[in-house]
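In case you want the letters, here they are:
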Amino acid sequence: MKVLVLGSGGREHAISWKLAQSSQLDKLFVAPGNAGTADIAVNVDLNIMDFKAVKAFVLQEAIDIVVVGPEAPLVEGIKDFFIADPELTRTTLIGPDSKAAKLEGSKDFAKKFMERHNIPTARYETFTKSTLTKGLAFLESLKPPYVLKCDGLAAGKGVLILDSLAEAQDQLKAILKDGSFGKAGTKVVIEEFLKGIEVSMFVITDGESYKILPEAKDYKRIGEGDTGLNTGGMGAVSPVSFANAEFMEKVKNQIIIPTIKGIKKDELDYTGFIFFGLMKVSGDPYVIEYNVRLGDPEAEVIIPRIKSDLLHFFDGIASGTLSECDLEIDERTATTVMLVSGGYPESYEKGKEISGLSTKGSSILFHAGTQIDNGKVVTSGGRVIAVTSVASDLDTALENSFEGAEQVQFDKKYYRRDIGKDLQKVAQKA
Ligand code: AMP
Ligand code: GLY
């Protein structure tokens, strides 16, 4: 089979790394890819939001399967474009159509979906400019902290958690009246704050059957001890000790099954990955958000734990036989430590030469923001390289990831040295 992966981050490198190991693979392309994917696939210089350009390449290379890494092309309708075009019928695109992608692209759509299908989530109401007064009053009825969510995609910055009522009311006015978040803030979901611990769950689905992939914990803040600004993710660990069998059973019965049934009942065209951002509150799972893709850097720890052939699953989606595919998971622990450019998530420099890429010990290096410049591998983004290790226990995996993180060098490299440490403490207590 010929496969095209769309995207250029660590997630897409991890997906491509796995696909490259498949006996069913004939040729692998990544658009636009990075210096890491260039080692295992053919990078294609395509703008993945230009669906006509993607189509032309798919036809030129007779691509069988297109795997969409990030959410933006899905929310903008790349699946709808493929479905509607008779020239593209022999190609399967793995991902939901634009309506189903609203599970990520519209917080209000996702909350209504959860309400309709009895999926546990924080109590909420949605407001617009014309219902601003009611929104201000609703805030008064809640206890702090206050959670405001812009309805649309806002580059991961559309969720505000505020301690004071006055601040929350000011922000609500700024978003709805002054348009501080532009179109993404035309509607605002206000919801109850859930106090608990977060875990990310993933499934792969053809819209009817599903396979549960390994869970992961992501470290979102830039600073050690979970301080400072939010980032795309500074590291991840899988499995997650507090997601024990009893909790996972609840997740399956109260969240995964109702979500799959809801997708079918609402006749949503959904294939591909579902990412459940969950909060464990007093032992029970609640959905914080849906994403219609794999997480990044979660993919860098989940994919290495999948023993089965990932392409077999994509082929199962294409042929309607996903339910017959066997999913085998590696019981060992995977950890990833993200090396980022100094200054990230605010401004940072690019084009720094990266060295030490071949002396990485036992780690796998998933490139996130790299490119090849005059034959050299250089930084091209905030998140640069995810250093993944798989080992029989968390301590060893972390040790190996931190060792790899030291080996890889570039000017102003930064990484969090406390990834996974909270889980080590939990493990010691248990
Ligand atoms: P989201 O973009 O919906 O994932 O929200 C970003 C982050 O805000 C989440 O990862 C949580 O840490 C936090 N968050 C979102 N909603 C809530 C909530 N209802 N209660 C507590 N924390 C929340
Ligand atoms: N790591 C969180 C995300 O991919 O959205």
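Residues numbered from 1 in each chain as written. Chains lettered and ligands numbered in written order. Predicted model: local features only at pLDDT ≥ 70, side-chain atom pairs only at ≥ 80, totals over all residues. Heavy atoms only, no water.

A. Inspection of the packing of helix α7 (residues 132–141) against helix α8 (residues 165–176) at higher detail. One way to put it is that α7 packs onto α8 with a least axis distance of 10 Å and a crossing angle of 160 degrees. Regarding the angle of α7 to α8, the classification is roughly antiparallel. Every pair of crossing elements has a handedness; the one defined by α7 and α8 is right-handed. Residue-level contacts link L132, G135, L136, L139 and E140 of α7 to L165, A168, Q169, L172, K173 and L176 of α8. When grouped by side-chain class, the residues that make up the contact of α7 with α8 number seven nonpolar, two polar and two charged. (Axes fitted to C-alpha atoms, helices over the stretch in contact; angles between N-to-C directions. Helix = DSSP H or I, 4+ residues; strand = E, 2+ residues; numbered from the N terminus. Parallel < 35°, antiparallel > 145°, perpendicular 65-115°, else oblique. Left-handed = near helix turned anticlockwise from the far one by under 90°. Contact = heavy atoms within 4.5 Å. Nonpolar A, V, L, I, M, F, W, Y, C, P; charged D, E, K, R; others polar.)

B. Local environment of a nonpolar patch on the surface. Together, V159, I161 and F193 give the surface a local cluster of nonpolar side chains, amounting to about 240 Å² of exposed area. As for its position among the elements, V159 is in strand β8 (residues 159–162). V159 gets classed as partly exposed once you look at its relative accessible area, which sits at 37%. (Patch = residues over 30% accessible without salt bridge, like charges linked within 9 Å, V, L, I, M, F, W, Y side chains within 5 Å. Areas by Shrake-Rupley, 256 points an atom, 1.4 Å probe, with all protein chains shown as cover. Salt bridge = Lys/Arg side-chain N within 4 Å of Asp/Glu carboxyl O. Buried < 20%, exposed > 50% of the residue type's maximum accessible area, 1.4 Å probe, protein only.)

C. Layout of helix α6 (residues 107–116). Counting buried residues along α6, seven of its 10 residues qualify, which places the element largely inside the surrounding structure. Residues of α6 that are buried: K107, D108, F109, A110, K111, F113 and M114. Residue N118 follows α6 closely and has a positive phi angle near 55 degrees.

D. Structural detail: a negative patch on the surface. Taken together, the side chains of D393, D395, E399 and E403 define an acidic patch exposed on the protein surface. Its place among the elements puts E403 in helix α12 (residues 394–407). (Lys, Arg positive; Asp, Glu negative; His and termini not counted. Charge placed at Lys NZ, Arg CZ, Asp CG, Glu CD.)

E. Expanded view of the environment of S347. Looking at the element boundaries, S347 is found in the loop between β18 (333–341) and β19 (364–367). In this structure, the C-alpha to C-alpha distance between S347 and A405, residues 58 residues apart in sequence, is 22 Å.

F. Main features of the pattern of salt bridges. Inspection of every chain in the model, using the stated rule, returns 32 salt bridges. When the shortest N-O distance is used, the salt bridge between K55 and D85 registers 2.7 Å. Of this pair, K55 sits in helix α2 (residues 51–61) while D85 sits in the loop between α4 (78–84) and β5 (92–94), placing them 30 residues apart in sequence. On the basis of relative accessibility, which here comes to 15%, the residue K55 falls in the buried class. Put simply, E349 and K412 hold a salt bridge, and the shortest N to O gap is 3.6 Å. Highlighted residues: E349 in the loop between β18 and β19 and K412 in the loop between α12 and β23 (413–414), separated in sequence by 63 residues. Take E349: its relative accessible area is 43%, and that puts it in the partly exposed class.

G. Quick look at the environment of L165. Secondary-structure assignment places L165 in helix α8. A relative accessible area of 28% places L165 in the partly exposed class. Counting along the chain gives 40 residues from L165 to E125, while the straight-line C-alpha distance between them is 16 Å. Beyond its immediate chain neighbours, meaning those up to four positions away, L165 contacts L139, E140 and Y146.

H. Inspection of the sheet that holds strand β4 (residues 65–68) at higher detail. The strand order β3-β2-β1-β4-β5 describes an open sheet built from five strands, whose pairing is parallel. Of all strands in the sheet, those with a lone pairing partner are β3 (42–43) and β5, marking the two edges. Relative to β3, strand β2 (residues 27–32) runs parallel, the two sharing two bridges. Across the sheet, the residue bridging to F29 is V42, located in β3. Helix-sheet contacts for helix α1 (residues 10–19) involve β1 (2–7), β2 and β4, and the interaxial angle to β1 is about 165 degrees. Sheet strands touched by α2: β1, β2 and β4. Its angle to β1, the strand with the most contacts, is close to 160 degrees. (Pairing = 2+ DSSP bridges.)

I. α12, seen in detail. Taking 1.5 Å per residue as the helical rise, α12 with its 14 residues ought to reach 20 Å, and the 20 Å between its terminal C-alpha atoms agrees with that figure. Along α12, the positions that sit buried rather than exposed are L394, A397, L398, N400, S401, F402, G404 and A405. Where α12 begins, the side chain of D393 points an oxygen toward the backbone nitrogen of D395, at a separation of 3.2 Å. (Expected span 1.5 Å × (residues − 1). Polar contact = N/O pair within 3.5 Å; in protein donor to acceptor, adjacent residues only side chain to side chain.)

J. Spotlight on unusual backbone geometry. Here the bond from A31 into P32 is cis, since omega is -10 degrees, no more than 30 degrees from zero. Within the secondary structure layout, P32 lies in strand β2. With an omega dihedral of 10 degrees, the bond running from Y344 to P345 counts as a cis peptide bond. Within the fold, P345 resides in the loop between β18 and β19. Its identity as a non-glycine residue notwithstanding, D226 has a phi of 55 degrees, on the positive side.

K. Inspection of the site of ligand 2 at higher detail. Around ligand 2, a shell composed of D218, G232, F275, N291, R293, G295, D296, P297 and E298 is seen. In the environment of ligand 2, a nitrogen atom lies 3.3 Å from a nitrogen or oxygen atom belonging to the backbone of G232. Contact between ligand 2 and D296: an oxygen atom at 2.9 Å from a main-chain N or O atom of the residue. Burial of ligand 2 by the protein chains amounts to 86% of its free accessible area of 200 Å². (Near = heavy atom within 4 Å.)

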